[in-house]
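Overview (structure and organization)
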There are 2 protein chains.
Amino acid sequence: MERKIHDCMDGCPVESTLQIISGKWKCVILYRLIKHKVCRFSELQRYMPGCSRRMLALQLNELEADNIISKKVYPVIPPKTEYSLTELGETLIPLITEMNKWGEMYNQIHR
Amino acid sequence: MERKIHDCMDGCPVESTLQIISGKWKCVILYRLIKHKVCRFSELQRYMPGCSRRMLALQLNELEADNIISKKVYPVIPPKTEYSLTELGETLIPLITEMNKWGEMYNQIHR
DNA sequence: TCTGCTGGTTACAAAATGGTTACTATGTCA
DNA sequence: TGACATAGTAACCATTTTGTAACCAGCAGA
């Protein structure tokens, strides 16, 4: 999985961040990995019923390519994999936490 | 401009936040409005050369529909408009600031 | 022997997103 | 008289993203 990084104006930091975390489900995946430390593919699926298996795999692949999460595969049948944050991924915790906090506040005022 | 909010699992706060700020340029726009308080359309264009006039207008419209920014139109020729954060928009400052911070850190390790 | 389980991938179709160009209005400047 | 400036919008097309469904391996249990 190759990820191309398009140029940002003056290397705008906000745009850099967006390149890593934008994607329909990435922040939710990260939120789950922060909360549960380690998750199997099927667990993530359960937490995100709106996200298809295909999409989940795509987003996980991109996050892995960007070195935000790491995957551990157990060569067993049926298959078993575990996803967790890398060291770099952990630096995103304050950001995702902030997102969660804002969303809670927003949900309150919107019933 | 109508904005439909799709259902999130258990009203997941992270997904709520994403519904408001996801969009190719929204965070960058917000970052600019935080930094400069008030911006004209053409100023924003200059700050975001990668964003077309059409895209900029679309993103601004959505942010306005979600009550994150407000627009003041001066009925003059040539036209003049000013965008700024609403009260709700200002509550996003910590989040956008966090994004900026993370991006700066990330840019440093990536040359 | 047939079914189910997990963690994917592939192919195809549909929907969303984004770029480009042209168009608007009208006052000011050359 | 003609061009320029601003803040958009509209139409059209190309690209990207996303969804759906089917398929795979191979062991365990019925």
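Reading the values: rules and limits
Residues numbered from 1 in each chain as written. Chains lettered and ligands numbered in written order. Predicted model: local features only at pLDDT ≥ 70, side-chain atom pairs only at ≥ 80, totals over all residues. Heavy atoms only, no water. Salt bridge = Lys/Arg side-chain N within 4 Å of Asp/Glu carboxyl O. Helix = DSSP H or I, 4+ residues; strand = E, 2+ residues; numbered from the N terminus. Buried < 20%, exposed > 50% of the residue type's maximum accessible area, 1.4 Å probe, protein only. Core = buried A, V, L, I, M, F, W, Y, C linked by side-chain atoms within 4.5 Å. Contact = heavy atoms within 4.5 Å. Least-squares fit on C-alpha atoms with pLDDT ≥ 70 in both. Near = heavy atom within 4 Å. Polar contact = N/O pair within 3.5 Å; in protein donor to acceptor, adjacent residues only side chain to side chain. Nonpolar A, V, L, I, M, F, W, Y, C, P; charged D, E, K, R; others polar.

Further remarks concern the pattern of salt bridges. Opposite charge on two side chains lets them pair, provided their charged atoms get close. Under the counting rule described, the total for this entry stands at 6 salt bridges over all chains. Put simply, glutamate 98 of chain A and lysine 101 of chain A hold a salt bridge, and the shortest N to O gap is 3.5 Å. With glutamate 98 of chain A and lysine 101 of chain A both in helix H6 (residues 93-109) and 3 residues apart, this pair spans about one turn of that helix. Put simply, lysine 26 of chain B and glutamate 62 of chain B hold a salt bridge, and the shortest N to O gap is 2.7 Å. Note that lysine 26 of chain B is positioned in helix H2 (residues 26-36) and glutamate 62 of chain B in helix H4 (residues 53-65), a separation of 36 residues in sequence. A relative accessible area of 21% means that glutamate 62 of chain B is categorised as partly exposed.

A few words now on the nonpolar core. The nonpolar side chains of a soluble globular protein tend to be buried with one another. Of all hydrophobic cores here, the largest spans 62 residues; its most connected members are Leu30, Ile68 and Ile69 of chain A together with Leu30, Ile68 and Ile69 of chain B. Not counting residues within four places of it along the chain, the set of residues in contact with isoleucine 68 of chain A comprises Ile20, Leu30, Leu63, Ser84, Leu85, Thr86, Leu88, Gly89 and Leu92 of chain A together with Trp102 of chain B.

Each copy of the sequence occupies a distinct position, and chain B is placed on chain A by a rotation of 180 degrees and an axial shift of 0.0 Å, giving an RMSD of 0.0 Å. Read as a symmetry element, the transformation amounts to a two-fold axis. Within chain B, the C-alpha atom positioned nearest to the axis of rotation is that of leucine 95 of chain B, 3.3 Å from it. When you check the interface residues of chain B against chain A, 100% turn up at the interface there too, and the contact is symmetric in its surfaces.

This part covers the protein's contact with DNA strand D. Taken together, 19 residues are adjacent to DNA strand D, and Met55 of chain A together with Arg40, Pro79, Thr81 and Tyr83 of chain B come closest. A share of 56% of the atoms of DNA strand D within 4 Å of the protein falls on sugar and phosphate groups. The side chain of arginine 40 of chain B places a nitrogen or oxygen atom 2.7 Å from a phosphate oxygen of DNA strand D. Among the elements of the structure, helix H4 (53-65) of chain A together with helix H3 (41-47), H4 and strand E3 (80-85) of chain B are those that each provide at least two residues to the surface near DNA strand D. Element by element, the count of residues in the surface near DNA strand D is highest for H4 of chain B, at 4 residues. Among the residues making up the surface near DNA strand D, the classes are represented as 7 nonpolar, 4 polar and 8 charged.

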